[in-house]
Amino acid sequence: MQKPQIPFNEPERLAALQRYDILDTLPEQEFDDLTQLAAAISGSLIALISLVDQDRQWFKSKVGIEATETPRDISFCGHVVMNEETLIVSDATQDDRFADNPLVAGELGIRFYVGTPLVTSDNYVLGTLCVIDRYPRTLTPEQLTQLESLSRLVISQLELRLTDTKLTKINQQLAISNQQLLRATRLKDEFLANMSHELRTPLNAILGMTEGLEDEVFGEINPQQLNALQVIDSSGSHLLELINDILNLAKIEAGQITLEYTSVSVEHLCQSSLAFIKHQAIKKQIQLEVKLPTNLPDIMVDERRIRQVLINILNNAIKFTPEGGQITLEVIPDFSVLPPYPQQSILKISITDTGIGISSENIQKVFQPFVQIDSALNRQYSGTGLGLALVQQIVELHGGKVWLTSELGMGSCFSIELPWVSEVPPCLEMSTEDQAGDQAEDQARDQGEDQVKAQNQINSLDNQSIIPSITPSMIPSELDSPTPKPSPLILLAEDNEDNISTFSSYLEAKGYRILLAKDGQEAIDLAKSRQPELILMDIQMPGMDGLEAIKRIRLESDLSKLPIIALTALAMSGDRERCLAAGANEYLSKPVRLKQLVITIENFLSIN
């Protein structure tokens, strides 16, 4: 008996076999169909898909035999692997290589054998598709051709199986990655929601107290004090804008931000942005230079967001420019493309500094969110790492582009290009409802100012002790009434002491009586026992939260129509909808303008 020799590339061949991960696997119909077809084509008793391993030949599929494997030393298929070509044995008893082979001389009694090699795309022979019989015979050329075609189909099936296995693993990895991504997204959303609440709550007290002082709720103020309060109010409002931009980062990245286009003076846009950093520039003795061409036409942009772009870049320039440096803001219009294509004209704004500069390999990093250049800068210079990412996204939302040129130790130049259009793009024009909403807001603001003036007159009467208490909605005939109507009773459900002081002081100064609850259950009990005219309901409170309290109040028949305003620092996507779904009549996010709050309260009280 002649044992099959080992090919010279045996290690690589075995590695090729292992990559298919098929040895000792369960039967599969796709392979069984091929062996059935091979037996039928050849008219043979036995058909096998035989894979030759290091010491054995293992049958992935078999017809007409019970064994699942045999030793490699006695295999016919081992010879095919060695010679890499079809082996035809018409009568094994007459072949010196196999006459005394146990598979021939033993119980199996092989006489006829044809094995076609299973050759991979990288030319490794994994085994054979073979047909066997117990009596001598031969095959026609057509039968041999068909068997060789089937052997190629076996390899194709192996490749498909391998691809399917890889895809399954990839899908499993993707599923794991998706779970991790969902978890990371959930954690980020929870973090942003918590940060929103924690930042808005103290900011509500800062802006609320400032507004109260400006309205002289706590007494008269002089012009210098009014100016200082206006600076605090302006800075607080700007801080609120920053908070909103940070919280809207994911929304901007998803392209879900709707730009509010208005016609803006380019000079006003630049000068109002510079106003935010002039104090810092003076403090660091940094010279500000502005190069603005005269008679520039207005541009249609989202003014607040483009101003934020300029402020972010200017703040960076101030931060990274040493004392005694210089910052230049230059506007360069490009009207090279004239009507009828004005939308193709370009407004270029460049901000150049003499600061520390950025190395070329770090230029692209500065526009990535949550990325700062290095730990040394992190320690020396404060910042969130979000500013320039927001800059790029806002500019690109406008259809523009932003880029940076810089030299380490010499300074940087940020350039912004915006399409210069004189009207809102058709796809971004406000609907009639949007315009009506804006008009209503302007009207409400005007009404608020009128109410403030009227209330100041009423407050002066209070100070002279002419009447005990007066509501903002009282008319002159009521002032002359010998029995004035009691002031509206408002239930304030709030657990933050600063906000309690802010809301109570302002509303009491406007003539309201305040009933205080510090958690949801207390709010329910007081609403049932004292029957207030309106409830201001915070949402995040200890014990029972505001949403649950609103739901339970609505279950009380005598409180089902009671106006409830959700007044909360929860200002993430979906928070408004959750409050209204729970039964609130209105939703106001902190920090809220107190004049707006009074107008909202008056609207509900007048309806009732």
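Up top is the structure these notes are about.
Because the structure is predicted, anything quoted here is derived from the model rather than measured. (Residues numbered from 1 in each chain as written. Predicted model: local features only at pLDDT ≥ 70, side-chain atom pairs only at ≥ 80, totals over all residues. Heavy atoms only, no water.)

Attention now moves to the overall build of the chain. From N to C terminus, the chain includes 19 helices and 18 strands. The buried share of the chain, reckoned over its 608 residues, is 44%. The long-range share in the chain, meaning contacts at least 24 apart out of those at least 6 apart in sequence, stands at 67%. With an accessible surface of roughly 31,500 Å², the chain has 52% of that area assigned to carbon and sulfur atoms. (Helix = DSSP H or I, 4+ residues; strand = E, 2+ residues; numbered from the N terminus. Buried < 20%, exposed > 50% of the residue type's maximum accessible area, 1.4 Å probe, protein only. Contact = heavy atoms within 4.5 Å. Areas by Shrake-Rupley, 256 points an atom, 1.4 Å probe, with all protein chains shown as cover.)

Attention now goes to the sheet that holds strand E6 (residues 125–133). The strand order E3-E2-E1-E6-E5-E4 describes an open sheet built from six strands, whose pairing is antiparallel. Each having just a single partner strand, strand E3 (69–71) and strand E4 (87–89) make up the two edges of the open sheet. Taken pair by pair, the neighbouring strands of this sheet meet at an average axis angle of 20°, ignoring direction. The sheet contact formed by strand E2 (residues 56–63) and E3 spans three bridges and is antiparallel. Residue Gln57 lies in a different strand from E3, and its bridge partner there is Thr70. Against the sheet, helix H2 (residues 29–42) touches strand E1 (46–52), E2 and E6, its axis set at about 80° to E2. (Pairing = 2+ DSSP bridges. Axes fitted to C-alpha atoms, helices over the stretch in contact; angles between N-to-C directions.)

Turning our attention to the environment of Asn499. Here Asn499 lies in helix H15 (residues 497–509). Put simply, Asn499 and Pro202 are 297 residues apart on the chain and 7.8 Å apart in space, counted from C-alpha to C-alpha. In contact with Asn499, other than residues within four places in its own chain, are Thr201, Asn204, Ala205, Glu494 and Lys590.

Right, let's talk about the pattern of salt bridges for a bit. With the rule as written, the count across this model stands at 22 salt bridges. Between Arg97 and Asp95 there is a salt bridge whose closest N-O contact spans 2.9 Å. Looking at Arg97, the relative accessible area reads 25%, which means it is partly exposed. One salt bridge connects Lys595 with Glu211, and the closest N-O pair in it is separated by 3.4 Å. With Lys595 in helix H19 (residues 594–607) and Glu211 in helix H5 (residues 141–214), this residue pair connects regions lying 384 residues apart in the sequence. You can call Glu211 buried: its relative accessible area is 3%. Three or more residues are tied together by salt bridges with common partners; here these are Asp24, Asp53, Arg56 and Glu69. (Salt bridge = Lys/Arg side-chain N within 4 Å of Asp/Glu carboxyl O.)

Core analysis: the largest hydrophobic core is formed by 38 residues, its most contacted members being Val266, Ile313, Leu329, Val331 and Ile416. Only helix H8 (266–275), strand E9 (299–301), helix H10 (303–320), strand E10 (326–334), strand E11 (346–353), helix H12 (387–397), strand E12 (401–407) and strand E13 (411–419) provide two or more residues apiece to this core. Here this core takes seven residues from H10, the largest share from any one element. When residues no more than four places from it in sequence are discounted, the contact partners of Val266 are Leu296, Pro297, Ile299, Val331, Leu347 and Trp420. Formed by 30 residues, the second largest nonpolar core is a distinct cluster that contains Leu17, Ile22, Val114 and Leu144. (Core = buried A, V, L, I, M, F, W, Y, C linked by side-chain atoms within 4.5 Å.)

Centre distance and the angle of the planes are the two values used to describe a pair of aromatic rings. Taken as a whole and assessed by the stated rule, the structure comprises two aromatic pairs. Relative to Phe98, the ring of Phe76 has its centre 4.1 Å away and its plane inclined at 10°; by these criteria the two rings are stacked. Linking Phe76 in the loop between E3 and helix H3 (77–83) with Phe98 in the loop between E4 and helix H4 (102–105), this pair joins segments that are 22 residues apart in sequence. Residue Phe76 is classed as buried on the basis of its relative accessible area of 3%. Judged by centre distance (4.9 Å) and plane angle (45°), the rings of Phe76 and Tyr113 are tilted. Residue Phe76 is located in the loop between E3 and H3, and its partner Tyr113 is located in strand E5 (residues 112–119); the two are separated by 37 residues in the primary sequence. (Phe/Tyr/Trp six-rings, centres within 6.5 Å; stacked < 30°, edge-to-face > 60°.)

We now examine the environment of Gln36. Tracing the backbone shows Gln36 in helix H2. C-alpha separation for the pair Gln36 and Ser61, spaced 25 residues apart in sequence, amounts to 9.3 Å.

Sheet topology note: the strand E8 (residues 287–291)/E10 ladder contains five bridges and is parallel. Following the sheet pairing, Lys291 is matched in E10 by Glu330. Inspection of the sheet shows E10 paired to E11 by eight bridges, in the antiparallel sense. Pairing of Asp334 across the sheet is with Ile346, part of E11.

As a further point, take the packing of helix H16 (residues 520–530) against helix H17 (residues 546–554). The contact between H16 and H17 brings their axes to 8 Å, and the two run at 25°. Between H16 and H17, the interaxial angle falls into the category roughly parallel. For the pair H16 and H17, the crossing hand works out as right-handed. Taken together, the residues of H17 that come into contact with H16 (itself represented by Gly520, Gln521, Ile524 and Ala527) are Ala549, Arg552 and Ile553. Class assignment of the residues belonging to the contact of H16 with H17 gives a composition of four nonpolar, two polar and one charged. (Parallel < 35°, antiparallel > 145°, perpendicular 65-115°, else oblique. Left-handed = near helix turned anticlockwise from the far one by under 90°. Nonpolar A, V, L, I, M, F, W, Y, C, P; charged D, E, K, R; others polar.)

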